[in-house]
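Spelled out from the first residue to the last, the chains are:
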Amino acid sequence: MKQDRIILGIDPGVATVGFAVLRVGCDELELRDFGVITTSPDMEFPERLGLLQSDLRHLIGRHAPTEAYVEELFFGVNSKTALSVAHARGVILAELFSSGIQARSVTPNQVKLGVTGDGSADKRQL
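Residues numbered from 1 in each chain as written. Predicted model: local features only at pLDDT ≥ 70, side-chain atom pairs only at ≥ 80, totals over all residues. Heavy atoms only, no water.

### Examining the packing of helix α1 (residues 45-63) against helix α2 (residues 79-98)
Here is step 1: Where α1 contacts α2, the two axes come as close as 10 Å, and the packing angle between them is 35°. As α1 runs across α2, the sense of the crossing is right-handed. Facing α1, whose interface residues are Phe45, Leu49, Leu52, Gln53, Leu56, Arg57 and Ile60, α2 presents Ser84, His87, Ala88, Val91, Ile92, Glu95 and Leu96.
Here is step 2: For the contact of α1 with α2, the residue count by class is nine nonpolar, three polar and two charged. (Axes fitted to C-alpha atoms, helices over the stretch in contact; angles between N-to-C directions. Helix = DSSP H or I, 4+ residues; strand = E, 2+ residues; numbered from the N terminus. Left-handed = near helix turned anticlockwise from the far one by under 90°. Contact = heavy atoms within 4.5 Å. Nonpolar A, V, L, I, M, F, W, Y, C, P; charged D, E, K, R; others polar.)

### Re the sheet that holds strand β5 (residues 102-106)
Here is step 1: One open sheet holds the five strands; their spatial order is β3-β2-β1-β4-β5, and the pairing between them is mixed. Single-partner strands in this sheet number two, and they are β3 (29-38) and β5. Shown here is a sheet whose adjacent strand axes are inclined to one another by a mean of 20°, direction ignored.
Here is step 2: The pairing of strand β4 (residues 67-71) with β5 spans five bridges and is classified as parallel. Residue pairing in the sheet places Ala68 in a bridge with Ala103 of β5.
Here is step 3: α1 contacts β1 (5-11), β2 (16-24) and β3 of the sheet and is inclined by roughly 160° relative to β3. (Pairing = 2+ DSSP bridges.)

Shown next, in the form of structure tokens:
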């Protein structure tokens, strides 16, 4: 009998990091947890990254995921925001690696397709 998979999905950010934890069994799918990790803009940037890392470590410890999917970054105009979120994504990937969890990158369209069946779905449909 194949063992259940515990999947951690992460939408990276600095102020807000979205996450969901799923258990995938032979014939079932269970949403175990979902929410956001938030940091205050009043904190210094390194402190925000440290808080993100600490909260992610706690989440990993609570759910013991067997694999993770981290959304790739997509930014059109604001390079300052893109750089900050890239730092946060790096912290997320490093924490997953140090926890022994294989992380895969997924594009926003892949997430939309997997959740709704439509790669061009809007946020309301998600």
